[in-house]
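Each chain is listed here by its residues.
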Amino acid sequence: MPESYQPGSREDFDRLYRVAYPRVYRTVAAILADPAAAEDCTQDAFTQAFQAWDRWRPDAPAEAWVHRIAVNRAISHRRSARLRGVGEVLRRLGRPGHAPDPADAVVQPDLLKALRAIPPRLAAAIVLRHYHGYNNREIAAALGVSERTVGTRLRKAADLLRSELEPSFSLEVVEAFPSEPDESFAQR
Amino acid sequence: MSPLPSDDEQGLSPELEERLRRQLDRVQPLHTSPRYATVRKRAIALRLAPAAIAVTLLSLLALSAYAETGSPNPVVWSQRVVTVVAPPKASPTPTQVPPASHHESPTARPSKAPEHPESPQPSERPEPTESPEPRESPEPSESPEAGSESSGGSTSDSGGDGRS
């Protein structure tokens, strides 16, 4: 995070984009399951940041500032997607539904799936802390909350993630000790 | 430095953190060309759009005025507008003139006469516009007089008859 930027400078914003785009994208991808939606939200966040680049004040890191915009966008996108999903469920009531594709469960990494299942602000706090290495002050700047709130969210997020991952943990334990062939076959 | 020790207590276990790193490292952005660069161009175009619309409208107005008047001089256009707008105000008076002309035609002329020195131009302009309409007004006004003229004609005819 030692990058220094000058507000309003086009070259500096281009540099910020090159450095921060993949990182912001990964944060948004941890909140949204759809890669195209994650890209849209990230690009929109950079567009919004670019339009306000003259007014940006370097009291908070620029990447945290873009993160804040992107996370807010992802949250609103997820909310509207959930509303669309409710509408879709209501429309399909009474019809035979599509069975979930087993290939999705194989391809989708379990931890990312669990992250997308918990509230997006908590997921963002986890990614910023444990993937990007932000400290509480930087997370507070990125999420627009106090440092105390960041601590509370991190604890809550870790608890929720553990509860989401519990079934897969038990599966891993069984696979790690294949001494009982019947049980492992039963699991498979 | 104070938040860092508490950070370590709050988060995930090192195993989970390592899994998170591995899984998020596999996530790659689909398309990294910056979209904000194109938005900048659109913003400039949007800023220029009102001016472009105004210039287009003005040129259309000027063209139509030129086609109507046949003159490129804007003063002529404004005069044309005055002459087009003014007749509806002036038109009721000539319709009332024929009945008034029978009784008040001598008094009406002196009442108009003082207005001419006060405002020469507006009083002069209605006159050409009224000029086509008095052409219509003499017809009904002449109709009673035409009877006398026709009677005169008839007299001429009768005279002709008489001559014959």
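Residues numbered from 1 in each chain as written. Chains lettered and ligands numbered in written order. Predicted model: local features only at pLDDT ≥ 70, side-chain atom pairs only at ≥ 80, totals over all residues. Heavy atoms only, no water.

K.L.:
Explain the environment of I139 of chain A to me, and be specific about the residues and the numbers.
P.N.:
Residues and elements named next belong to chain A. Among the structural elements, I139 can be located in helix α7 (residues 136-143). Here the alpha-carbon distance between I139 and R129, two residues ten residues apart in the chain, equals 7.2 Å. Beyond its immediate chain neighbours, meaning those up to four positions away, I139 contacts A125, L128, R129, Y134, G144, V150 and L154. (Helix = DSSP H or I, 4+ residues; strand = E, 2+ residues; numbered from the N terminus. Contact = heavy atoms within 4.5 Å.)

K.L.:
How would you sum up the interface of chain A and chain B? Please name residues and give values.
P.N.:
Listed as interface residues are 43 residues of chain A and, on the opposing side, 30 residues of chain B. There are three salt bridges connecting chain A and chain B. R19 of chain B is the salt-bridge partner of D110 of chain A, the closest N and O atoms lying 2.3 Å from each other. Those elements that provide at least two residues to the side of chain A that touches chain B are α1 (10-31), α2 (35-51), α5 (110-117), α6 (120-130) and α8 (147-176) of chain A. Considering each element in turn, the side of chain A that touches chain B owes the most residues, eleven residues, to α8 of chain A. (Salt bridge = Lys/Arg side-chain N within 4 Å of Asp/Glu carboxyl O.)

K.L.:
Could you give an account of a nonpolar patch on the surface, naming the residues involved and the relevant values?
P.N.:
Residues I53, L57 and L60 of chain B make up a contiguous nonpolar surface patch of roughly 310 Å² in combined accessible area. Relative to the assigned elements, L57 of chain B resides in helix α3 (residues 36-69). (Patch = residues over 30% accessible without salt bridge, like charges linked within 9 Å, V, L, I, M, F, W, Y side chains within 5 Å. Areas by Shrake-Rupley, 256 points an atom, 1.4 Å probe, with all protein chains shown as cover.)

K.L.:
Provide a residue-level description of α7 of chain A, including the pertinent values.
P.N.:
Burial within α7 of chain A is extensive, with six of its eight residues counted as buried. G144 of chain A lies just past α7 of chain A and shows a positive phi near 70°. (Buried < 20%, exposed > 50% of the residue type's maximum accessible area, 1.4 Å probe, protein only.)

K.L.:
Residue-level account of the side chain of R153 of chain A, with values.
P.N.:
All names here are of chain A. Mapped onto the secondary structure, R153 falls in helix α8. Taking relative accessible area as the criterion, R153 reaches 17% and is therefore assigned buried. Setting aside its immediate chain neighbours within four residues, R153 contacts R121, L122, L143 and V145.

K.L.:
Could you give an account of the pattern of salt bridges, naming the residues involved and the relevant values?
P.N.:
Once their charged atoms are close, side chains differing in charge can pair, the charge on each being opposite to the other. Counting across every chain of the model gives nine salt bridges over all chains. Ionic pairing is found between R35 of chain B and D40 of chain A, a salt bridge with its closest N-O pair at 3.0 Å. Remark: D40 of chain A occurs in helix α2 and R35 of chain B occurs in the loop between α2 (14-26) and α3; the pair is interchain, linking two chains. Between D44 of chain A and R35 of chain B there is a salt bridge; the shortest N-O distance is 3.8 Å. Here D44 of chain A, found in helix α2, pairs with R35 of chain B, found in the loop between α2 and α3, and the two come from separate chains.

K.L.:
Tell me about the packing of α6 of chain A against α2 of chain B, and name the residues and values.
P.N.:
Helices that pack against each other are described as a pair by the angle of their axes relative to one another and the distance between those axes. Running from N to C, α6 of chain A and α2 of chain B cross one another at 95°; their axes reach a closest spacing of 10 Å. By the angle between their axes, α6 of chain A is roughly perpendicular relative to α2 of chain B. Each of I126, V127 and H130 of chain A in α6 of chain A lies in contact with α2 of chain B, whose residues at this interface are E17, L20, R21 and L24 of chain B. Counted by class, the contact of α6 of chain A with α2 of chain B contains four nonpolar, one polar and two charged residues. (Axes fitted to C-alpha atoms, helices over the stretch in contact; angles between N-to-C directions. Parallel < 35°, antiparallel > 145°, perpendicular 65-115°, else oblique. Nonpolar A, V, L, I, M, F, W, Y, C, P; charged D, E, K, R; others polar.)

K.L.:
How would you sum up the environment of R78 of chain A? Please name residues and give values.
P.N.:
Residue and element names in this part refer to chain A. With respect to the helices, strands and loops of the structure, R78 is situated in helix α3 (residues 62-91). Contact partners of R78, with chain neighbours within four places excluded, come to I31, L32, L115, R116, A117, I118, P119 and P120. Polar contacts involving the side chain of R78 include one to the main-chain carbonyl oxygen of I31, which spans 3.1 Å. Of note is the side chain of R78, whose polar atom sits 2.6 Å from the backbone oxygen of I118. (Polar contact = N/O pair within 3.5 Å; in protein donor to acceptor, adjacent residues only side chain to side chain.)

K.L.:
Could you give an account of the confidence of the model for chain A, with specific residues and numbers?
P.N.:
All names here are of chain A. Mean pLDDT for chain A: 82, with 78% of residues reaching 70 or above. By mean pLDDT, the top-scoring element of chain A is α1 (94), and the lowest-scoring one is helix α9 (residues 181-187) (42). Scored below 50 in pLDDT, residues 170-188 shows four contacts in the model against residues more than four places distant or in partner chains. (pLDDT = per-residue confidence, 0-100.)

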